[in-house]
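Chain and residue survey
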Amino acid sequence: MSKYIFITGGVVSGLGKGITAASLGRLLKCRGLKVAAQKLDPYLNIDPGTMSPFQHGEVFVTEDGAETDLDLGHYERFIDENLNKFSNLTSGKVYWNVLNKERNGEYLGKTVQIIPHVTDEIKNMIYNVEKTTNPDIIITEIGGTIGDIESQPFIEAIRQISYEIGKENCLFIHITLVPFIECSKEYKTKPTQHSVKELQSLGISPNIIITRTDGEIDEDIKNKIALFCNVKSDCIINNTTLPILYECPIMLHNNGLDNIVCRELNLTTKEIDLTEWNTMLDKIRNRKHTTKIAIVGKYVKLHDAYLSVVESLYHAGYECGTKIEIEWVDCEKITSLEVAKQTFKECNGILIPGGFGDRGIEGKVVTAQYARTSKVPYLGICLGMQIAVIEYARNVCNLENANSKEFSTLNENLVIDLLPNQKDKPKGASMRLGSYPCKIKENTLMHSLYQSDLITERHRHRYEFNNNFRYIFEKNNLTICGTSPDDNIVEAIEIKDHPFYIGVQFHPEFKSRPNKAHPLFIGFIKNSLAK
């Protein structure tokens, strides 16, 4: 039987519940335990797939094609375990399932209520993680803040789980803010006391309280929190702001978190082995160079919209011994090659990530043209590959020349012409989601990076390369270096006479890890260093 750890947050959002859950998962994995992670989100969307990146940041995609919360990216990067469709649950999905069951008569005419029908649906999803992955430990983060109306069914569901499986198999961790008041030069515990009181009023008493602070708090503060919140004094764990994200597991270990979790859950494990993690941290601390990479997109005002891309660049930087400095570029401001030249003159590499819609397309096309003609290392991801194809079609293959008989059916909108026209389909329709195989052509840059003939990568997109124009590109020296195994779908392109110019239809950033950087990003950063 699996043991369950539930992580809640109080006072304010953004305290790092996801990073704490991911860090604890890594620590327990380093003790030899099999760990699974899960995020429960109270919002009413079915999933974040249709939400604006400005609202929710990036959409993280699992191997089995679930569109999920970005915190699942943290879980996978820290714990290095692939998650699945049961790892993210929203209120929208819960109510959708419940109402469909009601319409199908599955409740046999009963009055459908929050308790037990909604809470049972939540519990089933939580238990499904154990059924599908059979882990030793399941870490479940509840999104939002204690006291939010929409999160109450989730809190009630985890209270019931504690009753059903026994308190010896269930642990509650509560993360709260302990603010520092500058004028009086002291930390204040009252917000934590009120947050825990609110949680207790819902039937849950936390076993461990993690205090989020900018600095260390002394034992008197910890003892005060322990006394007022009815928690053991050594179960008050301080979580301070760190300069390096991946130092968090070490900091929490030094503060005794994994030892206390094992003690409270009566777990017998091997001695923790953090050798690999510490080796990675040594690489991070000993970087000797700085490489500036431009990320060109339309959501650059919210950096979380490209969170996995940024982390993947950092991971490659660790491996290559260089700090990565991100230059955030709004694609709509790239209006000409001259503007591109001025914008990117100090950049060592250019990356165009995924995106939807035609806003900013022309700026991205100009960016791809600048990278190609100026021999600046370029990595195009998903839409970034399509942009590279469009730019090449226009400026190398001359596909906008309507005088040519074989291209007479083209109009000026190459964004649509070079990709199947699906603009009339609703958002979310016809998406290729999750892991798909890709056959890599021998004697290509892609093959030298992957060192493999066949790979699998995760997808999230609606358009595909139009095979009607495939031979034209190949005739003009654009190499199709990756395809589906049956050769029907183009997965990757590259240009031979360029230091590094690769576009991929998939999202390699979803499989990068801090201690296992993705080969595409390593190749990109290595070539950017050489610029």
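Predicted model, so just to flag it, every value in this text is computed and none were measured. (Residues numbered from 1 in each chain as written. Predicted model: local features only at pLDDT ≥ 70, side-chain atom pairs only at ≥ 80, totals over all residues. Heavy atoms only, no water.)

Brief notes about the nonpolar core
Quick note on the threshold: Note on terminology: a nonpolar core comprises buried Ala, Val, Leu, Ile, Met, Phe, Trp, Tyr and Cys residues joined through side-chain atoms within 4.5 Å. Each residue's exposure class comes from its accessible area (1.4 Å probe, protein chains only) as a fraction of the maximum for that residue type: buried when under 20%, exposed when over 50%, partly exposed otherwise.
Counting residues in hydrophobic clusters, the biggest one holds 60 residues, and the most contacted among them are I5, L28, I139, I173, I208 and V261. Within the second largest apolar cluster, 38 residues are counted, among which are F344, I350, I387 and I480.

Remarks on the environment of C347
Just so we agree on the cut-off: Comment: elements are numbered from the N terminus, with helices defined as DSSP H or I runs of at least four residues and strands as E runs of at least two.
Mapped onto the fold, C347 is located in the loop between α13 (337-343) and β14 (349-352). When the C-alpha positions of C347 and C235 are compared, they lie 47 Å apart, and in sequence the two are 112 residues distant.

Some words on unusual backbone geometry
Note that the residue after I115, namely P116, is joined by a cis bond; omega there is 15°. Tracing the sequence through the fold places P116 in helix α5 (residues 114-133). Backbone geometry places N266, a non-glycine residue, at a positive phi of 55°. Summarising the element assignment, N266 is placed in the loop between α10 (257-264) and α11 (275-285). N266 sits in the exposed class, given a relative accessible area of 58%.

Some details on the pairing of strand β15 (residues 378-381)
To keep it simple, the criterion reads: A pair of strands counts as paired when DSSP detects no fewer than two bridges linking them. Throughout, right-handed denotes a crossover for which the path from the first strand over the helix to the second runs clockwise when the strands point away from the viewer.
Residue alternation in β15 divides its side chains into two sets, Y378 and G380 and L379 and I381, and both sets are buried. Summarising the sheet, β14 and β15 pair through 3 bridges and their orientation is parallel. If you follow L351 over to β15, its bridge partner there is L379. In terms of handedness, the path from β14 via helix α14 (residues 361-373) over to β15 forms a crossover that is right-handed. Two elements, β15 and strand β20 (residues 501-504), share 4 bridges in a ladder whose sense is parallel. Residue pairing for β20: I381 is matched across the bridge by V504.

Remarks on the layout of surface pockets
This is how the line gets drawn: Note on definitions: the grid is 1 Å and covers protein atoms alone; a cavity is a set of points where a 1.4 Å probe fits but cannot get out; a pocket is an open set with protein on both sides within 12 Å along at least five of seven lines; lining residues have an atom within 4 Å of a point. Grid points are joined across faces, edges and corners, and a volume is the space filled by probe spheres set on the points.
Roughly 470 Å³ of internal volume is contained in the largest pocket. Of all the secondary structure elements, the ones that give two or more residues to the lining of the largest pocket are α1 (17-29), β2 (35-41) and α3 (71-79). Counting residues per element, the lining of the largest pocket draws most heavily on α1, which supplies 3 residues.

A look at the sheet that holds β14
The strands making up a sheet are joined through hydrogen bonds of the backbone, oriented either antiparallel or parallel. Going by this rule: Angular values range over 0 to 180 degrees, each being the angle between N-to-C directions of two axes fitted as lines to C-alpha atoms, with helices fitted over their stretch in contact.
The sheet built from 9 strands is open, its strands ordered β13-β12-β14-β15-β20-β19-β18-β16-β17 with mixed pairing. Looking at strand neighbours, the two that pair on one side only are β13 (322-330) and β17 (454-461), the edges of this open sheet. Going across the sheet, the axis of each strand differs from the next one's by a mean of 25°, ignoring polarity. One ladder, built from 3 bridges, connects strand β12 (residues 289-297) with β14; its direction is parallel. Looking across to β14, one finds that I293 is bridged to G349.

Things to note about the packing of helix α7 (residues 190-201) against helix α8 (residues 219-229)
Counted only if it meets this: Any angle that falls under 35 degrees is termed roughly parallel, while one over 145 is termed roughly antiparallel, one within 65 to 115 roughly perpendicular, and all others oblique. In this scheme the handedness of a crossing depends on how the near helix is turned from the far one: anticlockwise by less than a right angle means left-handed, clockwise means right-handed. Every residue pair with non-hydrogen atoms within 4.5 Å of one another is taken to be in contact. Only Asp, Glu, Lys and Arg are considered charged, only Ala, Val, Leu, Ile, Met, Phe, Trp, Tyr, Cys and Pro nonpolar, and every remaining residue, Gly among them, polar.
At a minimum axis distance of 10 Å, the contact between α7 and α8 shows a crossing angle of 25°. One way to sum up the angle between α7 and α8 is to call them roughly parallel. Of the two elements, α7 crosses α8, and the hand of that crossing is right-handed. Contacts between α7 and α8 involve T192, Q193, V196 and Q200 on the former and, on the latter, K224, I225, F228 and C229. Looking at the contact of α7 with α8 residue by residue, the class counts come to 4 nonpolar, 3 polar and 1 charged.

Examining the sheet that holds strand β5 (residues 88-90)
The strand order across the open sheet built from 7 strands is β5-β2-β6-β1-β7-β10-β11, with neighbouring strands paired in parallel fashion. Edge positions in the sheet fall to β5 and β11 (236-240), since each of these pairs with one other strand and no more. The average undirected angle you get between the axes of adjacent strands in this sheet is 20°. Looking at chain direction, β2 and β5 are connected through 3 bridges and run parallel. Its bridge partner being in β5, K39 is matched across the sheet by N88. Most of the contacts of α1 go to strand β6 (residues 137-142), to which it runs at about 175°, and overall it touches β1 (3-9), β2, β6, β7 (170-177), β10 (208-213) and β11. Docked against the sheet, α5 engages β1, β2, β5 and β6, running at close to 160° with respect to β2.

A few points about α1
The line we're drawing: Given a helix with a known number of residues, its expected span is that number minus one, times 1.5 Å.
Here α1 is 13 residues long and its end C-alpha atoms lie 18 Å apart, about the 18 Å a rise of 1.5 Å per residue gives. The element α1 is largely enclosed, with a buried count of 12 among its 13 residues. Every buried residue belonging to α1 is among K17, G18, I19, T20, A21, A22, S23, L24, G25, R26, L27 and L28, and all of these are buried.

Quick look at the side chain of H507
Which entries qualify depends on this criterion: Pairs of N or O atoms within 3.5 Å make up the polar contacts considered here, provided that, within protein, one atom can donate a hydrogen while the other can accept it, and that residues adjacent in sequence are counted only when both atoms are side-chain atoms.
Checked against the element boundaries, H507 lands in the loop between β20 and α19 (519-530). A distance of 3.4 Å separates a polar atom in the side chain of H507 from the backbone oxygen of R460. Within the structure, H507 has its side chain in polar contact with the side chain of E509 (distance 2.8 Å). Dropping the residues within four chain positions of it, H507 is found in contact with G354, I381, C382, E457, R458, H459 and R460.

Some thoughts on the pattern of salt bridges
If charged atoms from side chains of opposite charge come close, those side chains can pair. Note the following rule: Here, a salt bridge means any side-chain nitrogen of Lys or Arg that lies within 4 Å of a carboxyl oxygen of Asp or Glu.
Within this structure, the stated rule accounts for 36 salt bridges. One salt bridge connects D69 with K39, and the closest N-O pair in it is separated by 3.1 Å. Taken together, the residues D69 in the loop between β4 (67-68) and α3 and K39 in strand β2 connect sequence positions 30 residues apart. By the burial criterion, D69 is buried, and K39 matches it. A salt bridge links R432 to E464; the nearest nitrogen and oxygen atoms lie 2.7 Å apart. You can see R432 sitting in strand β16 (residues 432-440) and its partner E464 sitting in the loop between β17 and α18 (470-475), a full 32 residues away along the chain. Here R432 falls in the buried class, since its relative accessible area comes to 9%.

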